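Topology and contacts: notes
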Amino acid sequence: MSAKDSSPLYRPQDKVPLPPANAEVFTTCCDYCVVACGMKVYRWPAGGPHGGPKKSQNALKKDYPLPPLAGGWIGPNQVTQATYRGKLYNIAVVADPDAKAVNIGGTHSIRGGCIAQKVYNPRSPTRDRLQNPMVRVNDILMPVSWDFALDIAAEVSKHVLANHGEDAWAMKYYSYQFFENTYAATKLALKSIGTPAIAEHDHPSRVDAAPGWTDIGYDIFGAAYEDFALADCILLSGTDPYESKTTLWEHWFLEGVNAHKTKLIFVNPRRTTGVAYAEKNGGLHLDVYPGSDTPVHMAIMRVILENGWEDGEFIKNWTNNFWETDSGFGRGTRNTPWQWRTTWGMFQTNGFEDWKKWLLSQEESKPEVAARIAGIDPKKIVLAAEMLAKPKPNGERIKTTICMEKGNYWSNNYLNTVSIGDLGVILGCGGRPGQAITRLGGHQRGGSSAAPYPMMKSPYKVPGRRRLEIDLDRWVESGHVRYAQVIGTTWIQSMAGSSALQDAFKRYTKLNAHQVRTLDKNGIVETLKKRVDSGGMVVVNQEIYLRDPIGAQYADIVLPAATWGEEDFVRANGERRVRLYSKFYDAPGEALPDWKIIALLAQKMGFEGYDWKDSNEVFEESCRFSRGSRIDHNAIRVIARRKGMRAHDLLRTYGTTGLQAPLLIDGERIVETKRLHDYQRKDIPDTGPEGMTIHNKRLLAFNSHTGKLNLLKSPWRHWADFYGFMQPKGEELWVTSGRINELWQSGFDDERRPYVRQRWPANFLEIHPEDAKARGIESGDWVAVESDRVPVQTGMNLGVKDGELWFDGLMKRGHIKLASGQFTAVAVVTPAIKQGVTFTNFLEMNSPANSIVPRVPDPITQNYRFKLARASVRRIGESPYKREFARMSFKRRDLV
């Protein structure tokens, strides 16, 4: 091995400038994971002078040098340069060392530590940011003016609406973005146009990610972060917060483990770093097969019930009987999904005793049966039940918190979320310190809707005249979409069965006979009208980078968007903490924030109410639409107006602490909410809600019409047919996917960071040593992961009978076609992955795992099963990373 082979490709600077004492300071938050660590931005002229090492000489008021990762430490990845009002400045983005909430003391992840490199700088890899609107002519994207591009989009949109109807005009957009942008997008799609053809970035439909919890009555983000430090035992299903929510793990979870002896139970097929730490500290790992969670939950509950460890007082006071569940809906058709699911005899129970009788009658609830399905030792099920529920020697109940993420609900969506929610009910989870039930979250919570979804326009009917939201992927593939506005999402690779979806995009855009061959605006409009009239599709893509293939290959119009740091925005994190993300530099070129792009398009289409002057005006308009939600922040607008302030400016005064929603008003004071469902809460204003604020039911009770919880059935038979089809056959292995610590989402920023790309230059596939040996695979080998049995659901459900709703019925009626999919990866041989299972990055753009994921959504909820694929794995050669030390490590990650 030569010295060259081990030399790093990334060479960091050996010194960085410190911000001077008089540097401008802005507050913001990290743009990535749901935790949203508070950040401070320091800006000072590029020509200096810089700050000095003494605390009196720099803006952070620290004596340097500091040890790495100490609060206020500044490294090379935290410094860049950018322009503001045309002048060049130095920029330092540092986790707030004075943070009083979330990342207390200034902790951060590797993602947040590198966020300064997100800032547009033409002397950095961000130089390829989109800067001008572009129109595709002769298959080349050519720069044009904003008016030119939007005139075309508006004229084609009006033609589609007039001739093909509102359900032919579609929007695929990010739900994780900022309130200002998501409000503007939904105002156009849902209020002005009224289209049912709308879906968020991570779903085929505009649906709830954890509908079982919603139906039971739990809010999916009800906890405070301090609950993780106060619990006696925490069940973590389908996630490792170390990998994906690092500060949440490093500060809040570890405070519980180290200071309060909290025991952690992980449920996933990998032994991750978090799992290893938990086991070292008295925790437990249930290494289940993908998709097998429901019987494990049922078996744990059986052990609890048979031993009398359930929280009887909580169950008596806070669960519904049959009449309470069924009452209050009237006699009409119950088209709202949570209404028909909870009152449909398939899942409904007649209170606790009836539910208990049902559970104990289920074969899958027996520990030995559940263990066989999940591939685990049945003793682990008994031990998990004891850790979660067995009273302490002094008789006190265990304070248990349940956390869930995508490994759980993106495999067997409804049954997994119902069964783990039922477990929460009998353990008394919800509303008390250390006794929470919550999603941990992926992205941040920036969704704001200007109007409800037009359910009655959806053609998707299920048994009993009930409706679900449109499956937009199938709607596209069936040829019903003639115009698609795609905002900030890699639509194709991020969806299931992505190879089949890409074929549909190609068929309706590039392979349509009507292609633009002129730069004459009227000629372009007429050509695109002919395309949509002939059954084709026009795609408009708003993005910060040109993404392949949605923008680079299929978009007819590409519009450059401004992003984090380039506009004042507002968003909430995973404990519903609302904060301002300050603007501190100029967007590149002619890029505009998405709210502004939507406003200009809407005005050209003839819609009124889009004459916002700035993002604050959008935010203030959107605030009232948050009323009654978990992130109700209308109080900010109300109090700001009383004080004669702009809402953005009032929120700015709260810095990186922000305000924890839902928010109430008590006189001139804003009252925050630490956790939802807090039935012991005492600080609600005596006078009740004031003015424009709402006394949200989930403040003091649960989110059902009675304020109590519904215990629901989770019958395994409704999953067994699909799960049986998906079982690996012959040489196939399970293929599941997820996040890893160093990368965020599709890598849109990470692929421009030499520091990160050196660590992960290609996709990877973790494979167990026995599975690797049988296939002649070693760490560092290229492997092909392929399946020719990727089920893809076709057509739309129109008033189907009960038997046709399930997978076997779909197969019988010809609504399932088998497609092929494949991706390549570099093998990482490790005993940390369960034998028979492999693991890969969930969204590597150039090698998407979703190409082999079944595109058959949960029939009850319309959620995809992203974590459930199976494929053959074979060696195809040796990668360049196998015998060098410069890039990619094959060492185990489950180290503590």
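On a predicted model such as this, the values are computed, not experimentally measured, just so you know.

A short note on the sheet that holds strand 26 (residues 764–767)
If you walk around this closed barrel you meet the six strands as 25-29-26-28-27-30, and the pairing is mixed. For this sheet the average axis-to-axis angle between neighbouring strands, irrespective of direction, equals 45°. Here strand 27 (residues 781–793) runs beside strand 30 (residues 869–878); their pairing, made up of six bridges, is antiparallel. When the sheet's bridge partners are listed, Val-783 is paired in strand 30 with Arg-875. Of the strands in this sheet, strand 25 (733–738), strand 27, strand 28 (816–829) and strand 30 are in contact with helix 26 (residues 717–726), which crosses strand 27 at around 145°.

Quick look at the confidence of the model for the protein
Looking at the protein as a whole, its pLDDT mean stands at 93, while 96% of the residues score no less than 70. Segment residues 1–7 is flagged for pLDDT under 50; beyond a separation of four residues in sequence, or across chains, it makes nine contacts in the model. Within the model, the stretch residues 329–333 combines pLDDT values under 50 with seven contacts to residues more than four positions away or in other chains.

Structural notes on the pattern of salt bridges
Counted by the stated rule, this structure contains 67 salt bridges. A salt bridge links Asp-98 to Lys-40, with the shortest nitrogen-to-oxygen separation between them at 3.3 Å. Taken together, the positions of Asp-98 in the loop between strand 4 (87–95) and helix 1 (110–113) and Lys-40 in strand 2 (residues 38–45) put the pair 58 residues apart, joining distant regions of the chain. Accessibility expressed as a relative area gives 43% for Asp-98, which makes it partly exposed.

A few points about the packing of helix 2 (residues 146–164) against helix 20 (residues 521–533)
Between helix 2 and helix 20, the shortest axis-to-axis distance is 10 Å and the interhelical angle comes to 30°. For the crossing formed where helix 2 meets helix 20, the hand is right-handed. Within the contact between the two elements, helix 2 uses Phe-148, Asp-151, Ile-152, Glu-155, Val-156, His-159, Val-160 and His-164 and helix 20 uses Lys-521, Ile-524, Val-525, Leu-528, Lys-529, Val-532 and Asp-533. Here the residues of the contact of helix 2 with helix 20 are counted per class, giving eight nonpolar, two polar and five charged.

Quick word on the packing of aromatic side chains
This model, assessed by the stated rule, comprises 38 aromatic pairs. Between the aromatic rings of Tyr-610 and Trp-612, the centroid separation amounts to 5.4 Å while the plane-to-plane angle is 70°, which identifies the pairing as edge-to-face. Comparing Tyr-610 with Trp-612, the two get one shared label, buried. Both rings, one in Trp-716 and one in Tyr-723, keep their centres 5.6 Å apart while their planes meet at 75°; by these two values the pair is edge-to-face. An aromatic cluster of at least three residues, connected via ring pairs, comprises Trp-716, Trp-719, Phe-722, Tyr-723, Phe-725, Trp-734 and Phe-807. The ring of Tyr-89 carries the charged tip of Arg-43 above its face, separated from the ring centre by 5.2 Å. Cation over ring: Lys-406 sits above Trp-410, and NZ or CZ is 5.5 Å from the ring centre.

Notes on the domain arrangement of the protein
For the protein, the assigned domains are domain 1 (24–119), domain 2 (134–195 + 446–567 + 584–612), domain 3 (211–439), domain 4 (633–695) and domain 5 (718–882). Placing the centre of domain 3 and that of domain 4 at their C-alpha centroids yields a distance of 31 Å. Contact residues are listed per partner, giving 15 residues for domain 3 and eight residues for domain 4. Seen at the junction of domain 3 and domain 4, the total is three salt bridges. The interface formed by domain 3 and domain 4 includes six residue pairs in polar contact (both at pLDDT 80 or more). The residue inventory of the side of domain 3 that touches domain 4, partitioned by class, reads seven nonpolar, four polar and four charged.

Details of the pairing of strand 25
Strand 25 sits mainly inside the fold: six of its six residues count as buried. Neither face of strand 25 is open: one carries Leu-733, Val-735 and Ser-737, the other Trp-734, Thr-736 and Gly-738, and all of them are buried. Here strand 25 runs beside strand 30; their pairing, made up of three bridges, is antiparallel. Within the sheet, the bridge partner assigned to Trp-734 lies in strand 30 and is Arg-870.

Criteria and thresholds
Residues numbered from 1 in each chain as written. Predicted model: local features only at pLDDT ≥ 70, side-chain atom pairs only at ≥ 80, totals over all residues. Heavy atoms only, no water. Pairing = 2+ DSSP bridges. Helix = DSSP H or I, 4+ residues; strand = E, 2+ residues; numbered from the N terminus. Axes fitted to C-alpha atoms, helices over the stretch in contact; angles between N-to-C directions. Contact = heavy atoms within 4.5 Å. pLDDT = per-residue confidence, 0-100. Salt bridge = Lys/Arg side-chain N within 4 Å of Asp/Glu carboxyl O. Buried < 20%, exposed > 50% of the residue type's maximum accessible area, 1.4 Å probe, protein only. Left-handed = near helix turned anticlockwise from the far one by under 90°. Nonpolar A, V, L, I, M, F, W, Y, C, P; charged D, E, K, R; others polar. Phe/Tyr/Trp six-rings, centres within 6.5 Å; stacked < 30°, edge-to-face > 60°. Lys NZ or Arg CZ within 6 Å of the ring centre and 35° of its normal. Domains from an automatic or database assignment. Polar contact = N/O pair within 3.5 Å; in protein donor to acceptor, adjacent residues only side chain to side chain.

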